[in-house]
Number of protein chains: 4
Amino acid sequence: MKDNMTNEKIKVAYLDGARNLVLSTKDKPEIKEDEVLIKVKSVGICGSDVLYYRTGGTKRRPITRPFILGHELSGIVEKKGKKVENLDVGDRVAVEPGITCGRCIYCKSGRYNLCRSVKFLATPPVDGAFVEYISHKADLVYRLPDCISFDEGALIEPSSVAFYAVIKSDLKPSMSSLILGAGPIGLLILQIAKISGSFPVCVLDVDSYRLSLAKKLGADFTLNTNNKDIVQALANSDCDNEYDVVFECTGVETVISSSIFLAKRGGTIAMVGIFDGVTPLRTKEIIDREINVKGTYRSANVFGDVIKLVERKMLDVKSIITHTFNLDEIEKAFEIADKRLENCVKIIIRVS
Amino acid sequence: MKDNMTNEKIKVAYLDGARNLVLSTKDKPEIKEDEVLIKVKSVGICGSDVLYYRTGGTKRRPITRPFILGHELSGIVEKKGKKVENLDVGDRVAVEPGITCGRCIYCKSGRYNLCRSVKFLATPPVDGAFVEYISHKADLVYRLPDCISFDEGALIEPSSVAFYAVIKSDLKPSMSSLILGAGPIGLLILQIAKISGSFPVCVLDVDSYRLSLAKKLGADFTLNTNNKDIVQALANSDCDNEYDVVFECTGVETVISSSIFLAKRGGTIAMVGIFDGVTPLRTKEIIDREINVKGTYRSANVFGDVIKLVERKMLDVKSIITHTFNLDEIEKAFEIADKRLENCVKIIIRVS
Amino acid sequence: MKDNMTNEKIKVAYLDGARNLVLSTKDKPEIKEDEVLIKVKSVGICGSDVLYYRTGGTKRRPITRPFILGHELSGIVEKKGKKVENLDVGDRVAVEPGITCGRCIYCKSGRYNLCRSVKFLATPPVDGAFVEYISHKADLVYRLPDCISFDEGALIEPSSVAFYAVIKSDLKPSMSSLILGAGPIGLLILQIAKISGSFPVCVLDVDSYRLSLAKKLGADFTLNTNNKDIVQALANSDCDNEYDVVFECTGVETVISSSIFLAKRGGTIAMVGIFDGVTPLRTKEIIDREINVKGTYRSANVFGDVIKLVERKMLDVKSIITHTFNLDEIEKAFEIADKRLENCVKIIIRVS
Amino acid sequence: MKDNMTNEKIKVAYLDGARNLVLSTKDKPEIKEDEVLIKVKSVGICGSDVLYYRTGGTKRRPITRPFILGHELSGIVEKKGKKVENLDVGDRVAVEPGITCGRCIYCKSGRYNLCRSVKFLATPPVDGAFVEYISHKADLVYRLPDCISFDEGALIEPSSVAFYAVIKSDLKPSMSSLILGAGPIGLLILQIAKISGSFPVCVLDVDSYRLSLAKKLGADFTLNTNNKDIVQALANSDCDNEYDVVFECTGVETVISSSIFLAKRGGTIAMVGIFDGVTPLRTKEIIDREINVKGTYRSANVFGDVIKLVERKMLDVKSIITHTFNLDEIEKAFEIADKRLENCVKIIIRVS
């Protein structure tokens, strides 16, 4: 089923040990009959990419060979398998990065983000997208309208994570939201909360540039907690002390611990930011105030919705892009991302 | 509006400092036009009663005067206010112990268990029911059918807590349940899980008598964890390792910490048992496996349903009553409850 | 408990038989301890008022005496009962018109709009608000911020009906909506659908003025069906043929029949407009395409939310007010409403 | 990919025009790499089979050639494609009859029963299972435990329809159910309602044998309406007049019309029985009493659950099987089914 004619070499950036990104070449991938070959255009750097860059692989997900990062991507369809009906050569596209089994109860029941057999780009041992071409299952590739740029197209994936978190939180018009953390996900959740009719929407962070971006993108209140206790910081501010929905997007231990006190009685905490340790939580608060703590993992069934939101200019993804680099500048890009230099928020690598 | 004729004295048991219960008398209460006077028959000893008995009042809820415990009660309507339409003198009744404001958004929207202005029996400073007569708002008093004894009637309240937890957990037929803790609430949840069509239902405890009761009441599996790590204990047993719904009914720190690993991907943990401290929780598990952690507090809108379940013999509350005492034996009763002597599960005081 | 000093006379408009409104006087009402006396300012004319005006009472709700219409009102608190804590004399207020029992399972569980014992203003035999003063239960009276005019305040009630319908429909961001009927409720639902992030939102009517208003208020598409078959009309238009949520706000038999074909597979039809007869419905469509048909009746628990939406200028209620009259012009106002003259949409009577 | 060696002939029953079933032979089917070859054992006759038999094809689904009926089947895996991992040769199995596309938004979001591209056995032009062998996608084939007979295995499909309807109805313990129609689906819903903790469960029909079966299978009340108005029939009986959930399983026009009056305020009607015409419905009742009318179509994601229910003897499918025939007696079997002779409920054809 494979076409073995070509031995064409393509450019790639490998992670080869902690903080070591190497530019190299590899064979151009071939495609199966239900796949498309995508010429990769823009790829965003995600927090998980930075974590692998920093550590060279985690305990749970070790990296044992030169490895390709990157899972937030846009590109152009260059070739399609014979069974592909939803796409044409030349289509500008965004890519849903998790290839799931389609057969387990999670896949069948629509919660495919929980599939145990998922092959997710840039999640070891599955390679990612800092490479000129990737093959991908056509069903997971979405056509972009012309009005969405490739850089914006690379942001459909993180926007889907944000959209999914808001949908799961059951936020309704006139409910209030608190967003802990004004990173890319927090800034996207902020906008989707506003689109959902939430108010007031309050955003907390320790970075005044990110908070200024939050303000620009529609936050009703922003608060710089200056690394102090956030319960106290809110109490001393003009902001409400309790919210219908709290979105925890920091993954910071102390913030997770505090989040439990910031939801209203009967409210919801959407857990989005990952902390890989144990957090001291006062579970009595969860009971006494009947809080609903909902884990929300990646996304499912929302790529199409998010593309429509960006197409209609309801969701501004462009404003969170602070830096763009070419593939051969990838090391500099990761250094900026790793050390959070230059007020970076979302950094895009233009692969080709 | 009050009828001041009588100065009739009635029997009462006061808590007067830690582990000091005193039999005494007090004035017979008077009733308002929307209240009934209830001759108290049977009152169950709840874990919260034991906590006040042991401590003489908690930091959050101090007790500063002789105080009456008890909020799980049945009785007979002896007198009714002129506006009372739902009850007649002579009715055998169970009592919903929380008098809520009826005006706040929680009350109006049906989540009255979250009302901030609630006056809940035996929750300081509101006196409870180890007393011959209480007055209570008639709307919160429910007629018992003849086939339900007074002792069983005293168990309508804890059964409501259990029923409410199961309803909130969204348990559906053929979903599996794990019940952590085979105390009264755990044993009631077990039965209501079975009534809801759940299987298998597995119950864990460290007390073999309680587990034998769980078996008798329908548990598909029971496991004595012998104070060992429960994740390991399950892994080494014939029971499933993960469940659709986990009911945490122990309030034990280490069990709460472990519970997070025992729900299936996409599953639910209903938090019922209260631990008044901080618990180390691996919140990454909540995200990666998209767990829903739901606090469930007391109950709302289920007393009528529970009475029907007991009436139809679907819910066996009698089997969890291990001891009954008269009011003048209350100190012995609390000692047994406090030290968990004599395989006690639910202890009933027959007040009159 | 009543204060019987005054025999002060106040102005009132009675309905005394079909199409016969009579200006008269009546005694100023007295208040109970949990009530407030409201000087009525603005009252909207609702479709149900027009129905009673036209018929002089319906078979199911006959009117057997001079009767006061009007249940969409704002006013000023002139006096308060001694138990009233949520309001002060001088407060500008909107009024939730249904006084419910507070004791039935519907009231207790938060679905008080379904209370069988409700006393709803201007629903025979309960008098309404085309009168200088009414007494009302204080818990159902909501303070208006200064930025909301009395005319706008009169629209909180219909806006609540619209808001409640949207909440019940489970509309989420990026879902599409079809609104059948651009009367006051349809125009309010349109705006709340937009606030909820719905798109596209399409509005159908046979009145081009109302459709121009829909366009102004944010409709993505409007379509004049010119009394033709609406399924065909949509098929011949640029609009989508099927929608995630259809809001039926016409109460017109043929439109109700057609609505079933306009929801997507798995979609929802919110039934809002009342037709008092039998409608031929192809229920096979409900099954084959798994449609969810949800009745939505009046509103519950949303007055506070709606006031916030108007306060924040998210909901424009002013634009749907086309006419205002003084109380002594009420007959002319009802004639215009009855015959739909002068492009009327919402007509307000300024009672005092 | 196909193995063209064999020209083996297998037995089959064709429908060749209205009420004309012809025994014949056909080629043994071949399998693709993700399929299994199933030796068909037992096949149930469904109402839809009878409809095609009676009419020789409907307007919407015409039959233009000899056609194979039957979609409720069990069998044995005789051969498997090389990609099949979930099954082994020799497995006893039940078959989910709808092959869906796996790519549309309905498939991806878990509502695959709404897939527009479904190929459903015995739904023209897709042939069914009254044939010795069928090939089928392995993902839709479920292993049966030894304790479930082939005849019972044929009933997993209709049981799934019933289970799905109950899950969609949101029936909870202590809620009451009314089941209109005691055919196979009604009798299965009855049992699953009981498993879900519903009471009382009342079943209506015009066939006293079927009602006796309902009684045997756990109905709390049964009522023979003798073709009279069912609202009146209930009003004159000992049964409740209104129910939390009404399951409409008759597909009879007048019963559908009446069902609207039999749900409680705020209750649910699950529409299961298909009537291929327009039904006069009083939609005002849907609004005034805020009824939720839910279409429920075939099933999704419940085969595994249902097999467990039968395995654990919680669901008695055997009792509704009244007749079994061999394949060469199929004409007699359909005549009995068509004319409802001999108190037939579910008729099974033992194909091999």
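Below you will find a few notes about this structure. (Residues numbered from 1 in each chain as written. Chains lettered and ligands numbered in written order. Predicted model: local features only at pLDDT ≥ 70, side-chain atom pairs only at ≥ 80, totals over all residues. Heavy atoms only, no water.)

### Describing the relation of the copies chain B and chain A
To go from the first copy of the chain to the second, apply a rotation about an axis and then a shift along the same axis. Heads up, the rule is: Here the copies are superposed with least squares, the fitted atoms being C-alpha atoms of residues at a pLDDT of at least 70 in both. Contact definition: two residues touch when any of their heavy atoms are within 4.5 Å.
It takes a turn of 180 degrees to lay chain B on chain A, together with a shift of 0.0 Å along the axis; the resulting RMSD is 0.0 Å. Interpreted geometrically, this transformation is the action of a two-fold axis. Mapped onto chain A, 100% of the interface residues of chain B again fall at the interface, so both copies present the same surface.

### Remarks on the relation of the copies chain C and chain D
For these two chains of identical sequence, chain C goes onto chain D by a turn of 180 degrees and a shift of 0.0 Å along the axis, with RMSD 0.0 Å. When the interface residues of chain C are mapped onto chain D, 100% of them again lie at the interface, so the same face is used by both copies.

### A word on the interface of chain B and chain A
The following threshold applies: Summed over both partners, the accessible surface that disappears when two parts come together, traced with a 1.4 Å probe, is what is meant by buried area. Only one rule defines a salt bridge in this text: a Lys or Arg side-chain nitrogen within 4 Å of an Asp or Glu carboxyl oxygen. Here a polar contact is taken to be a pair of N or O atoms separated by no more than 3.5 Å, where protein atoms must pair a possible hydrogen donor with a possible acceptor and residues adjacent in sequence count only if both atoms sit in side chains.
With 40 residues of chain B at the interface, the matching set in chain A holds 40 residues. Between chain B and chain A, the buried area comes to about 3,500 Å², and carbon and sulfur atoms account for 49% of it. It is R265(B), I287(B) and E290(B) that lose the most area in chain B upon contact with chain A, and together they represent 23% of the buried surface on that side. Linking chain B with chain A are ten salt bridges, by the criterion used here. Counting across the interface, chain B meets chain A through 27 residue pairs in polar contact (both at pLDDT 80 or more).

### Topic: the interface of chain C and chain D
Note the cut-off: Counting from the N terminus, the helices are DSSP H or I runs at least four residues long and the strands are E runs at least two residues long. Charged means Asp, Glu, Lys or Arg here, nonpolar means Ala, Val, Leu, Ile, Met, Phe, Trp, Tyr, Cys or Pro, and polar covers whatever is left, Gly included. Strands are labelled as partners when DSSP assigns at least two bridges between them.
Facing the 40 residues of chain C at the interface are 40 residues of chain D. A buried area of about 3,500 Å², summed over both sides, lies between chain C and chain D, and 49% of it is on carbon and sulfur atoms. When the area that chain C buries against chain D is broken down by residue, the three leading residues are R265(C), I287(C) and E290(C), summing to 22%. One salt bridge connects R111(D) with E290(C), and the closest N-O pair in it is separated by 3.1 Å. Counting the contacts that link chain C with chain D gives 27 residue pairs in polar contact (both at pLDDT 80 or more). Among the secondary structure elements, those contributing two or more residues to the side of chain C that touches chain D are α4 (156–168), β14 (263–271), β15 (279–281), α9 (283–288) and β16 (292–295) of chain C. When residues of the side of chain C that touches chain D are assigned to their parent elements, the largest contribution, five residues, is made by α9(C). A breakdown of the residues in the side of chain C that touches chain D according to their chemical character gives 17 nonpolar, nine polar and 14 charged. Where β15(C) meets strand β15 (residues 279–281) of chain D, three bridges bridge the pair, whose relative direction is antiparallel. Bridging across to β15(D), P280(C) finds its partner in P280(D).

### What about unusual backbone geometry?
In terms of backbone geometry, most residues other than glycine have negative phi values and most peptide bonds are trans. The condition is simple: Under the scheme applied here, a residue whose accessible area is under 20% of the maximum for its type counts as buried, over 50% as exposed, and between as partly exposed, the area being computed with a 1.4 Å probe on protein chains only.
Backbone torsion omega between P124(A) and P125(A) reads 5 degrees, so that peptide bond is classified as cis. In this fold, P125(A) is placed in the loop between β7 (119–120) and β8 (133–137). Although it is not a glycine, N343(D) adopts a positive phi angle of roughly 50 degrees. Mapped onto the elements of the fold, N343(D) is located in the loop between α11 (330–339) and β18 (346–350). Here N343(D) falls in the partly exposed class, since its relative accessible area comes to 41%.

### Some remarks on the pattern of salt bridges
Scanning all chains against the criterion turns up 116 salt bridges over all chains. We note a salt bridge from R210(A) to D207(A), for which the minimum N-O separation is 3.9 Å. For the pair R210(A) and D207(A), one class covers both residues: buried. E242(B) is the partner of R289(B) in a salt bridge, and the nearest nitrogen-oxygen pair spans 3.6 Å.

### Things to note about the packing of helix α4 (residues 156–168) of chain D against helix α5 (residues 184–195) of chain D
Residues and elements named next belong to chain D. Condition: Under this scheme, a helix contributes an axis fitted over its contacting stretch, all axes are lines through C-alpha atoms, and angles between N-to-C directions fall in the 0 to 180 degree range. Any angle that falls under 35 degrees is termed roughly parallel, while one over 145 is termed roughly antiparallel, one within 65 to 115 roughly perpendicular, and all others oblique. Whether a crossing is left-handed or right-handed is set by the direction in which the near helix is turned from the far one by less than a right angle, anticlockwise for left-handed and clockwise for right-handed.
Packing of α4 against α5 brings their axes to within 9 Å, and their N-to-C directions diverge by 50 degrees. If you check the angle between α4 and α5, you find them oblique. The element α4 and its partner α5 pack so that their crossing is right-handed. Between α4 and α5, the residues in contact are P158, S159, V161, A162, F163, A165 and V166 and I185, L188, I189, I192 and A193, respectively. Looking at the contact of α4 with α5 residue by residue, the classes come out as eleven nonpolar, one polar and no charged.

### As for the sheet that holds strand β10 (residues 177–180) of chain C
Across the sheet, twelve strands lie side by side as β12(C)-β11(C)-β10(C)-β13(C)-β14(C)-β16(C)-β16(D)-β14(D)-β13(D)-β10(D)-β11(D)-β12(D); this open sheet has mixed pairing. Here the strands that pair on one side only, and so sit at the sheet edges, are β12 (221–224) of chain C together with β12 (221–224) of chain D. Strand-to-strand, the axes of this sheet are offset by a mean angle of 15 degrees, without reference to chain direction. As judged from the four bridges shared by β10(C) and strand β13 (residues 243–248) of chain C, these two strands associate in the parallel manner. Looking at β13(C), one finds that S177(C) is bridged to V245(C).

### Examining the sheet that holds strand β14 (residues 263–271) of chain B
Reading across the sheet, the twelve strands line up as β12(A)-β11(A)-β10(A)-β13(A)-β14(A)-β16(A)-β16(B)-β14(B)-β13(B)-β10(B)-β11(B)-β12(B) and stay open at both edges, with mixed pairing between neighbours. Each edge of the open sheet carries a strand with a single partner, namely β12 (221–224) of chain A together with β12 (221–224) of chain B. Going across the sheet, the axis of each strand differs from the next one's by a mean of 15 degrees, ignoring polarity. Taken together, the four bridges between strand β14 (residues 263–271) of chain A and strand β16 (residues 292–295) of chain A define a ladder with parallel strand orientation. Along β16(A), the bridge assignment pairs A270(A) with K294(A).

### What to know about helix α10 (residues 303–311) of chain D
Residue and element names in this part refer to chain D. To be explicit about the condition: Arc, as used here, means the arc of the directions from the helix axis to the C-beta atoms.
By the burial criterion, the buried members of α10 are F303, V306, I307, L309 and V310. The buried side chains of α10 occupy one side of the element, clustering within an arc of 160 degrees when seen end-on. Buried-residue contacts for α10 involve β5 (92–95), β9 (141–143), α4 and α5. Just past α10, the residue K313 takes up positive phi, approximately 65 degrees.

### Details of the packing of aromatic side chains
Definition in use: Within 6.5 Å between ring centres, the rings of Phe, Tyr and Trp (the latter by its six-membered ring) count as paired, and their orientation is classed by plane angle as stacked under 30 degrees, edge-to-face over 60, tilted in between. For a lysine, the NZ atom is tested; for an arginine, the CZ atom; a charge sits over a ring if that atom is within 6 Å of the ring centre and within 35 degrees of the ring normal.
A full pass over the atoms with the stated rule returns 15 aromatic pairs over all chains. Ring geometry for Y53(A) and F334(A): centres 5.1 Å apart, planes at 40 degrees, overall tilted. Of the two residues, Y53(A) sits in helix α1 (residues 47–55) while F334(A) sits in helix α11 (residues 330–339), which places them 281 residues apart along the sequence. Both residues of the pair, Y53(A) and F334(A), count as buried. The rings of Y53(A), F130(A) and F334(A) are connected pair by pair, giving a single aromatic cluster. Above the face of the F120(B) ring, R298(B) is positioned so that its terminal group lies 3.7 Å from the ring centre.

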